[in-house]
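Listed below are the residues making up each chain.
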Number of protein chains: 2
Amino acid sequence: MASIKPSVPKGTRDFSPTEMVKRNFIFDTIKSVFRKYGYQQIETPSMENLSTLTGKYGEEGDKLIFKILDSGDFFSELDQLTELELIQKVQDKNPLPTNATFGDKVLHYLRSKDQAQQLRLASSIAPHISEKALRYDLTVPFARYVVQHQNEIIFPFKRFQVQPVWRADRPQKGRYREFYQCDADVVGSDSLLNEAEFVLIYDEALSKLGLKDFTIKINNRKILSGIAEIIDKADNIIDLTVAIDKLDKIGLDGVIKELMDRGFTADDIEKIKPVILLEGLNREKLESLRSALASSVTGLKGCDELETVLNYVDLCKLQTANLELDITLARGLNYYTGAIFEVKTNEVAMGSIGGGGRYDDLTGMFGLKGLTGVGISFGADRIYDVMDELNLFPEATSQSTQLLICCFDKDGEKFAMPILQQLRKKDINAELYPAGAKLKKQLDYANNKNIPFTIIIGSDEIESGLLTIKNMKTGLQEKCSADQILEIISK
Amino acid sequence: MASIKPSVPKGTRDFSPTEMVKRNFIFDTIKSVFRKYGYQQIETPSMENLSTLTGKYGEEGDKLIFKILDSGDFFSELDQLTELELIQKVQDKNPLPTNATFGDKVLHYLRSKDQAQQLRLASSIAPHISEKALRYDLTVPFARYVVQHQNEIIFPFKRFQVQPVWRADRPQKGRYREFYQCDADVVGSDSLLNEAEFVLIYDEALSKLGLKDFTIKINNRKILSGIAEIIDKADNIIDLTVAIDKLDKIGLDGVIKELMDRGFTADDIEKIKPVILLEGLNREKLESLRSALASSVTGLKGCDELETVLNYVDLCKLQTANLELDITLARGLNYYTGAIFEVKTNEVAMGSIGGGGRYDDLTGMFGLKGLTGVGISFGADRIYDVMDELNLFPEATSQSTQLLICCFDKDGEKFAMPILQQLRKKDINAELYPAGAKLKKQLDYANNKNIPFTIIIGSDEIESGLLTIKNMKTGLQEKCSADQILEIISK
């Protein structure tokens, strides 16, 4: 059989060892920060019942859910049976008492016959039914988890989750059909301390990853509502925010034109203008907002909430992040009810590398009302691209091999094995290249795997016990005894 | 809407924070040992092309593959178009040159019409097609990976992989439809050093997990072939091994009866008996085997291979494992060609917790011939159960919160925040319970999360700056300043 080179499905990826080391660096860093702030990891199954997922992502989202066919051979044995054998089998499973009347027996037979027919039908339909689907995000499974396990959970429940999700999106550059999401949420606490801690988490995690200039944008849904309220257009909040959101791209004149096109009056625009043109420090922006929104109770509540978050953050010191109140930020308008977050790097042109917000009714869709929550997400794939472009990945990590021992024959192996095990006992990742290969091949192997040190065991070394360790980067060689290897490697 | 409590699909599981800490302990330990021996992590997509998977697991296995429906709304826009509009659209995509003849135009129209009809057909069939499936194990995707990336890989390629797999098995106790596999394989090296290192990896990983008495059984497929050869029944090797495999359960007489039932003669049995009754140390068993298999070249080759592995292992010192030559071990007889491994704990009644072996043609199924490999697998779910039963999980890990600060009001929060951030800067996992809850609720939270230390911030503490830190296990309280907390926690 001539064979075609195998491939992976469209929109999915293999991750090579080099890529995995980098991806692990990102995920391990973010996880360690989540843990530092008291967030605990959970995992949910890759597949959820279809009923759990459908209707949660809008019409467009529902179409992108990957459905799984019911599988298995639960019915295959039925196919071997005749009609009468199948009825007999059903009867056997539900035997009549020995004192059954004739009527009982007739009824029993008829019922078993009906059941047998239903089984046969089920058997023919089964391979074409789908009752399960791959999860589309981590949020709905989390809501399902909270409702299902509500009696075991002590609230506030701070959880994080790092797992792949699947979407039947048209694959394109940077958009995959399988990708990891990296979420932290707390449910059951309305304290704005949580919002502040998410700012700190973004700051700490992205600083640890080596990002040197990034902005955490923060807004509040109630402020957006307030803006719509002061012009008496609460119903047009979407139109309003879509237009304002374009300020960066099309400027004030463009936004005004767009607002007019969307049916806002000159009078409306006059009232909104000071809000759109908000400038200065966060506190100054807040002051301007307060006066502009003075007539909206909701708007002022939004200002209060934002100020409380800023106050909490001020009690600590941000390591790297710029925290910026940005009232044009309007993501997740359909479900966020309080704070809205978005994170952008200023070092590379790239969409947002994180986002989140507060929602007041996450678990309502599964019948548990009134549980408030707030959460954030890290965009791992984009962070990967940013770090790759800025060369931020550490060269060597504890995940790589640190030393390769090369040898030529069985005697070399015999000499090397105890040295090798001694190093491993000291938690050094080390390898022995199996005897029989040319030295060039062995050194190529070391270079390819980015192994920083090599030792070559020839007959001289075996006789004298004196080894030569080579730094593969600098080319520097050093004579040493087996006991000194650890010292040299750890330098 | 009255709502039903949501659930997960049959045979799948949620993992709670407590379970995740334990699972991570297992996976992190095994991964660190894999890395120590130079194995590098890869990941492959959850879904593979159906053609990659089918035909690889036998008829029974194929039935258990979960198929995924092709999804997405790539065709939905077509449904809006009339026949003529669709044809026009197809024509627009492939415009004719301006100097096209009348004949060209007719042909172009007819071709576009055909194409439009095909599109319409595809659109109606698409939602019912499955071209993808969830991976069934990590071995076939690994083989696919090696073939697909053969030009980027430097051999020998030592890879490990820890990812979930899916099987549409009938769910039952201890058998799930989604579970993690944990595999390490090396391909492109026939050195028996690899087999020896897998013995060392099992020994080190399971010792690190706290197992105190376990056996690594080793056999060689060539020895099994040899036994069949010396009685001239190479074709009956399966019958032979199935019978011998039962020695533990049914004793020698039982095995003899079973062999007779399966058509072996008294003469055959006389020849096999010394092999079945093999006793003593591994080296003694090997000597007996050599004389019993003296007439089989293959059998003797198996003995040589086994001896080489034992010699390698003897150069090191096993920490805990008993390494036992067991010629009744016959797993994977269809694909293993050399060494066969199986690991069992002797502390708990449980099936094997690991296994593996050498195969000579893993990648042949994808057209890359002659690449030998050897690999092992850890049974993570069973190891979890063993450790749970033996109480081997560490009580606290770096994954848990170490300190909860309790407070009563905004002033308490304000006082606590800088202390909290100072501890976090020193890599202490710490939390502040948001103000407003009763103390009992806060301490319940600490107990439920197994947080070992708490500090309560009242007005006295704020005034004096003197804190009281409580050890939640012992109940012991200690007065301290903010600077002394770290010291007390780390004790």
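See the structure shown above.
In this text the structure is predicted, and so the values were computed from the model without any measurement.

Focus on the pattern of salt bridges
All names here are of chain A.
Thinking step 1. Inspection of the entire model under this criterion finds 66 salt bridges over all chains.
Thinking step 2. As a salt-bridge pair, lysine 257 and aspartate 261 come within 3.1 Å of each other at their nearest N and O atoms. Highlighted residues: lysine 257 and aspartate 261, both in helix H10 (residues 247-261), separated by 4 residues, approximately one helical turn. When sorted by exposure, lysine 257 lands in the same class as aspartate 261, which is exposed.
Thinking step 3. Residue glutamate 307 pairs with arginine 290 through a salt bridge whose shortest N-O separation is 2.4 Å.

Details of the packing of helix H8 (residues 221-230) of chain B against helix H13 (residues 297-314) of chain B
All names here are of chain B.
Thinking step 1. For the pair H8 and H13, the least separation of the axes is 7 Å and the interaxial angle reads 150°. When the interaxial angle is binned, H8 and H13 end up roughly antiparallel. Taken as a pair, H8 and H13 cross one another with a handedness that is left-handed. Between H8 and H13, the residues in contact are Lys222, Ile223, Ser225, Gly226 and Glu229 and Val297, Thr298, Gly299, Lys301, Gly302, Cys303, Glu305 and Leu306, respectively.
Thinking step 2. For the contact of H8 with H13, the residue count by class is 4 nonpolar, 5 polar and 4 charged.

Comments concerning the sheet that holds strand E1 (residues 40-41) of chain B
Residues and elements named next belong to chain B.
Thinking step 1. Reading across the sheet, the 8 strands line up as E1-E5-E6-E11-E10-E9-E7-E8 and stay open at both edges, with mixed pairing between neighbours. Each having just a single partner strand, E1 and strand E8 (322-325) make up the two edges of the open sheet.
Thinking step 2. Note: E1 against strand E5 (residues 157-166), 2 bridges, orientation parallel. Paired with glutamine 41 across the strands is phenylalanine 160, a residue of E5.
Thinking step 3. Packed onto the sheet, helix H1 (residues 17-36) meets E1, E5, strand E6 (178-187) and strand E11 (373-378) and runs at close to 5° relative to E6.
Thinking step 4. In this fold helix H7 (residues 193-208) packs onto E5, E6, strand E7 (214-220), E8, strand E9 (336-345), strand E10 (354-359) and E11, with an angle of close to 15° to the strand it touches most, E11.

Regarding unusual backbone geometry
Thinking step 1. A cis amide bond links A:Phe155 to the next residue, A:Pro156, at an omega of -5°.
Thinking step 2. Among the structural elements, A:Pro156 can be located in the loop between helix H6 (139-148) and strand E5 (157-166).
Thinking step 3. In the Ramachandran plot, B:Asp232 falls in the positive-phi region, its phi being about 65° despite a non-glycine side chain.
Thinking step 4. Among the secondary structure elements, B:Asp232 is positioned in the loop between H8 and helix H9 (237-244).
Thinking step 5. Given the relative accessible area of 73%, B:Asp232 is considered exposed.

Some details on the environment of A:Gln399
Thinking step 1. By secondary structure assignment, the location of A:Gln399 is in the loop between helix H14 (380-390) and strand E12 (403-407).
Thinking step 2. Taking relative accessible area as the criterion, A:Gln399 reaches 16% and is therefore assigned buried.
Thinking step 3. With 186 residues separating them in the primary sequence, A:Gln399 and A:Asp213 have C-alpha atoms 28 Å apart.
Thinking step 4. Beyond its immediate chain neighbours, meaning those up to four positions away, A:Gln399 contacts A:Val21, A:Asn24, A:Asp28, A:Asn429 and B:Arg35.

Quick look at the relation of the copies chain B and chain A
Thinking step 1. Superposition record for chain B on chain A: RMSD 0.2 Å, screw rotation 180°, translation along axis 0.1 Å. This pairing of chains is accounted for by a two-fold axis. Of every C-alpha in chain B, the one belonging to B:Ile68 sits nearest the axis of rotation, 2.2 Å from it.
Thinking step 2. The fraction of interface residues of chain B whose copies in chain A are also interface residues reaches 100%, indicating that both copies meet through the same surface.

Considerations on the interface of chain B and chain A
Thinking step 1. Taken residue by residue, the interface counts 98 residues in chain B and 98 residues in chain A.
Thinking step 2. When the two sides are added together, the surface that chain B and chain A hide from each other amounts to roughly 8800 Å², 56% of it contributed by carbon and sulfur.
Thinking step 3. Across the chain B-chain A interface, the total number found is 10 salt bridges.
Thinking step 4. Residues B:Asp427 and A:Lys36 are paired through a salt bridge, measuring 2.7 Å at the closest nitrogen-oxygen approach.
Thinking step 5. Linking chain B with chain A are 36 residue pairs in polar contact (both at pLDDT 80 or more).
Thinking step 6. Here the side of chain B that touches chain A takes 8 residues from helix H15 (residues 410-425) of chain B, the largest share from any one element.
Thinking step 7. Grouping the amino acids of the side of chain B that touches chain A by side-chain chemistry returns 41 nonpolar, 28 polar and 29 charged.

Digging into the pairing of E5(A)
All names here are of chain A.
Thinking step 1. Burial runs high along E5: 10 of the 10 residues are buried.
Thinking step 2. Here E5 runs beside strand E6 (residues 178-187); their pairing, made up of 10 bridges, is antiparallel. Each residue of the ladder has a partner; that of glutamine 163, found in E6, is glutamine 181.

Brief notes about the environment of B:Arg382
Residue and element names in this part refer to chain B.
Thinking step 1. Relative to the elements of secondary structure, arginine 382 occurs in helix H14 (residues 380-390).
Thinking step 2. Each C-alpha atom of the pair arginine 382 and leucine 371 lies 31 Å from the other, and the pair is 11 residues apart in sequence.
Thinking step 3. Apart from residues no more than four positions distant in its own chain, arginine 382 is found in contact with Met350, Gly351, Ser352 and Ile353.

Some points on a nonpolar patch on the surface
Residues and elements named next belong to chain A.
Thinking step 1. On the surface, a cluster of nonpolar side chains totalling about 520 Å² of accessible area is made up of Leu84, Phe102, Val106, Tyr109 and Leu110.
Thinking step 2. If one sorts the elements of the nonpolar patch by residue count, helix H5 (residues 102-125) sits on top with 4 residues.
Thinking step 3. Relative to the assigned elements, leucine 110 resides in helix H5.

Focus on the sheet that holds strand E9 (residues 336-345) of chain A
All names here are of chain A.
Thinking step 1. Sheet architecture is open: 8 strands sit in the order E1-E5-E6-E11-E10-E9-E7-E8, paired in mixed fashion. At either end of the open sheet lies a strand with only one pairing partner, and these are strand E1 (40-41) and strand E8 (322-325).
Thinking step 2. Where strand E7 (residues 214-220) and E8 come together, 4 bridges link them in parallel fashion. By the bridge assignment for E8, threonine 215 is matched with asparagine 322.

Focus: the side chain of B:Arg221
Residues and elements named next belong to chain B.
Thinking step 1. Within the element layout of this structure, arginine 221 appears in helix H8.
Thinking step 2. Here arginine 221 occupies a buried position and makes no salt bridge, while the nearest side chain of opposite charge, glutamate 229, is found at 8.8 Å.
Thinking step 3. Among all residues touching arginine 221, those that are not within four sequence positions of it are Ile237, Leu333, Tyr336, Thr337, Gly338 and Ile340.

Definitions and limits used
For every chain, the first residue of the written sequence is number 1, and numbering continues from 1 along that sequence. Chains carry letters and ligands carry numbers; both start at the beginning, A for chains and 1 for ligands, and go up in the order they are written. Owing to the predicted nature of the model, reporting of local features is limited to residues with pLDDT of at least 70; listing and counting of side-chain atom pairs is limited to 80 or more, with chain, interface and lining totals taken over all residues. Side-chain measures here rest on the full set of heavy atoms in the structure, leaving out hydrogens and waters. Salt bridges are identified by distance alone: a Lys or Arg side-chain nitrogen within 4 Å of an Asp or Glu carboxyl oxygen. Secondary structure elements follow DSSP: runs of H or I no shorter than four residues count as helices, runs of E no shorter than two count as strands, and numbering proceeds from the N terminus. Relative accessibility decides the category of a residue: with a 1.4 Å probe and only protein chains considered, values under 20% of the type maximum give buried, values over 50% give exposed, and everything between is partly exposed. To obtain an axis, a line is fitted to C-alpha atoms, over the contacting stretch when the element is a helix, and the angle between two such axes runs from 0 to 180 degrees between their N-to-C directions. Each angle receives one of four descriptions, namely roughly parallel if under 35 degrees, roughly antiparallel if over 145, roughly perpendicular if within 65 to 115, and oblique otherwise. Rotating anticlockwise by less than a right angle from the far helix to the near helix defines a left-handed crossing, while the corresponding clockwise rotation defines a right-handed one. Contact definition: two residues touch when any of their heavy atoms are within 4.5 Å. For this scheme, ten residues count as nonpolar: Ala, Val, Leu, Ile, Met, Phe, Trp, Tyr, Cys and Pro. Four count as charged, namely Asp, Glu, Lys and Arg, and the remainder, Gly too, count as polar. Note: two strands are recorded as paired if DSSP finds a minimum of 2 bridges between them. Copy-to-copy alignment: least squares on C-alpha atoms, limited to residues at pLDDT 70 or above in both. Buried area adds together the accessible area that both of two parts lose upon being put together, with accessible area traced by a 1.4 Å probe. Polar contact criterion, stated in full: a pair of N or O atoms within 3.5 Å, where within protein one must be able to donate a hydrogen and the other to accept it, and residues adjacent in sequence count only if both atoms are side-chain atoms. By definition, no residue in a patch forms a salt bridge, and every one has over 30% relative accessible area; like charges are joined within 9 Å, nonpolar side chains (Val, Leu, Ile, Met, Phe, Trp, Tyr) within 5 Å. To measure how exposed things are, a 1.4 Å probe is used in the Shrake-Rupley method; for residues, cover is taken only from the protein chains shown. Charged residues are defined here as Lys and Arg on the positive side and Asp and Glu on the negative side; His and the ends of the chain fall outside this count.

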